[in-house]
Amino acid sequence: MTNVAVIGSQWGDEGKGKVVDWLSERAQVVVRFQGGHNAGHTLVIDGVTYKLSLLPSGIVRPGKLSIIGNGVVIDPFALLDEIANVSKLGVEISPKNLRIAENAPLILPVHRRVDQVAEAIRGKGKIGTTGRGIGPAYEDKIARRAIRVCDLEDEDLLRDKLENLLVYHNALLKAADAAPMTVEEILKPLMEVAPKILPFVEPVWRLLDTARREGKRILFEGAQGAMLDVDHGTYPYVTSSNTLAGTATIGSGMGMGGIGYVLGITKAYTTRVGSGPFPTELMDDIGAKIGKIGHEFGTVTGRPRRCGWFDAVMVRQAVKICGINGIALTKVDILDGFDTIKICVGYKHGGKTYDYLPASMKIQAELEPVYEEMPGWQGITHGKKSWADLPAQAIKYIRRIEELIECQVALLSTSPKREDTILVRDPFID
Ligand code: IMP
């Protein structure tokens, strides 16, 4: 038996919500370890749709402990709104089933304002952030001026820290002709929400250590995807956290060796929201068709997602840098009925061929995909529950993906419904 980390292997939106929900039924503890409410995980259970952003997916299942780790940036107002919304659907949320790391940094209203101003300053080079203050909050953490969850206990300390933090942010806001913020306008609402947040607060590393020693199954729920990682992704068009599997330990306080299996969630084609390079992007009818059939709209912002063919070079890189042991291949059914399907097997640039994604943003923007073309399949994969029921050509497509990314399929998802999942290998008992 082993603990599992679930990671997106592309640019996010690979369908982690469904797979995490499927796995959370088998886990006792579910942990978020990076990102914030830029993430959007949709779960459909017994006909009820739950939209989660900050809350770990385990929250909708009775008897599970959900943990928000120190690697997450927490907007306390957004968190309380989400708790209220999910509670309205009949889910009980209390300190019995939700714990929050005392050392997690907060997203404050000033971060949201700075996020929007920073995007405006970037002009044509804008990242297309979710506008939720994620980047500025992580900047404050690294710059050692963040307000952390534990600071909510002490109003005087909060005031001092806010004064220090606003010297920095107000300088930028004024320079950009945006309204600066006052300490009181942040402090007052923070003090109002503090008593609602503090009962959930805990040194969660200790809780995880106990859970591990008791032999409980722990599921680490990643947000975004490997190519949005601030070090390894398509920098600077990335999010501001490390999204790779290694972050599960640092972002929660679980020691090394606490995670035995990394499951990479992988969509059978590629999508991206926001700006940045996308070698296999389809700007034609095929891209539009994939977007339409696949309902490719951002869960958080509602923006249409850019769509393209499967990029095996990029996913292979994600497999290596995350240490992915097996993939959950999702949305293969969206490709049902296509005449031909392409897979990117390399990139060309200036007479050179690459079998990896080079780091230079200039080269990334100019890469031309090298494609392998395969016939599509006429039967359907949609809703299939067994490998034997898949069209032969669909199996060939999946096998070719496995070969190219040097990793095997552990789970195959054939529709948004949880029962439409083909299990090849159980990550918890691999
Ligand atoms: P930020 O995380 O709001 O700073 O946005 C940075 C980039 O990451 C933008 O391109 C966003 O569209 C993208 N991004 C952030 N969160 C997600 C997610 O959960 N899924 C997909 N893309 C995301």
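Another point: the nonpolar core. The biggest cluster of nonpolar side chains holds 108 residues, and the ones touching the most others in it are Ile74 and Tyr397. Once you skip the residues sitting within four places of it in the chain, Ile74 turns out to touch Leu54, Ile68, Leu79, Ile100, Ala104, Pro105, Leu106, Ile107 and Val149.

Using the criterion set out here, one finds 4 aromatic pairs in the structure. Ring geometry for Trp309 and Phe338: centres 6.4 Å apart, planes at 75 degrees, overall edge-to-face. Taken together, the residues span a long stretch of sequence, with Trp309 in the loop between β11 (306-308) and β12 (310-311) and Phe338 in the loop between β13 (326-330) and β14 (340-349) at a distance of 29 residues. Judged by relative accessible area, Trp309 falls into the buried class, the value being 4%. Relative accessible area serves as the criterion here: at 5%, Phe338 is assigned to the buried category. Here the aromatic rings of Trp377 and Tyr397 are separated by 5.7 Å at their centres, their planes lie at 45 degrees, and the arrangement is tilted.

The next thing to look at is helix α2 (residues 76-88). Over its 13 residues, α2 extends 18 Å from the first C-alpha to the last, a length consistent with the 18 Å expected when each residue adds 1.5 Å. Those residues of α2 not exposed but buried are Pro76, Ala78, Leu79, Leu80, Glu82, Ile83 and Val86. Sitting at the head of α2, Asp75 places a side-chain oxygen 2.9 Å from the backbone nitrogen of Phe77. Looking one or two residues beyond α2, the residue adopting positive phi is Gly90, at roughly 95 degrees.

A few words now on the packing of helix α3 (residues 109-122) against helix α4 (residues 134-142). Where α3 meets α4, the axes come as close as 7 Å, and the angle between the chain directions of the two elements is 115 degrees. As far as their axial angle goes, α4 and α3 are roughly perpendicular. Between α3 and α4 the crossing geometry is right-handed. Here His111, Val114 and Asp115 of α3 come into contact with α4, specifically with Ile134, Pro136, Ala137 and Asp140. A breakdown of the residues in the contact of α3 with α4 according to their chemical character gives 4 nonpolar, 1 polar and 2 charged.

Let's shift gears to the pairing of strand β17 (residues 409-413). Taking burial as the measure, the 5 residues of β17 include 5 buried ones, the bulk of the element. Direction of pairing for β13 relative to β17: parallel, over a ladder of 3 bridges. Paired with Ile327 across the two strands is Val409, which belongs to β17. Sheet analysis places β17 next to strand β18 (residues 421-423), joined by 3 bridges and oriented antiparallel. Residue Leu411 lies in a different strand from β18, and its bridge partner there is Leu423.

On the surface, Glu102, Glu153, Asp154, Asp160 and Glu163 cluster together to form a negatively charged patch. Inspection of the secondary structure puts Glu153 in the loop between α4 and α5 (155-175).

Per the domain assignment, the segments of the protein chain are domain 1 (4-99 + 202-261), domain 2 (109-197) and domain 3 (266-429). Taken over C-alpha atoms, the centre of domain 1 sits 24 Å from the centre of domain 2. Counting residues at the interface gives 21 residues for domain 1, matched by 18 residues for domain 2. For the pair domain 1 and domain 2, the two sides together bury roughly 1500 Å², of which 73% comes from carbon and sulfur. Where domain 1 touches domain 2, the interface holds 0 salt bridges. For the pair domain 1 and domain 2, the number of links is 3 residue pairs in polar contact (both at pLDDT 80 or more). A breakdown of the residues in the side of domain 1 that touches domain 2 according to their chemical character gives 10 nonpolar, 10 polar and 1 charged.

A separate point is the pattern of salt bridges. If you walk through the whole model with that rule in mind, you get 26 salt bridges. Close ionic contact of Asp13 with Arg305 constitutes a salt bridge, the shortest N to O distance being 3.3 Å. With Asp13 in the loop between β1 (4-8) and α1 (16-24) and Arg305 in the loop between α9 (285-293) and β11, the pair connects residues that are 292 residues apart, well separated along the chain. Accessibility expressed as a relative area gives 11% for Arg305, which makes it buried.

Conventions we followed
Residues numbered from 1 in each chain as written. Predicted model: local features only at pLDDT ≥ 70, side-chain atom pairs only at ≥ 80, totals over all residues. Heavy atoms only, no water. Core = buried A, V, L, I, M, F, W, Y, C linked by side-chain atoms within 4.5 Å. Buried < 20%, exposed > 50% of the residue type's maximum accessible area, 1.4 Å probe, protein only. Contact = heavy atoms within 4.5 Å. Phe/Tyr/Trp six-rings, centres within 6.5 Å; stacked < 30°, edge-to-face > 60°. Helix = DSSP H or I, 4+ residues; strand = E, 2+ residues; numbered from the N terminus. Expected span 1.5 Å × (residues − 1). Polar contact = N/O pair within 3.5 Å; in protein donor to acceptor, adjacent residues only side chain to side chain. Axes fitted to C-alpha atoms, helices over the stretch in contact; angles between N-to-C directions. Parallel < 35°, antiparallel > 145°, perpendicular 65-115°, else oblique. Left-handed = near helix turned anticlockwise from the far one by under 90°. Nonpolar A, V, L, I, M, F, W, Y, C, P; charged D, E, K, R; others polar. Pairing = 2+ DSSP bridges. Patch = residues over 30% accessible without salt bridge, like charges linked within 9 Å, V, L, I, M, F, W, Y side chains within 5 Å. Areas by Shrake-Rupley, 256 points an atom, 1.4 Å probe, with all protein chains shown as cover. Salt bridge = Lys/Arg side-chain N within 4 Å of Asp/Glu carboxyl O. Lys, Arg positive; Asp, Glu negative; His and termini not counted. Charge placed at Lys NZ, Arg CZ, Asp CG, Glu CD. Domains from an automatic or database assignment. Buried area = accessible area lost by both parts, 1.4 Å probe.

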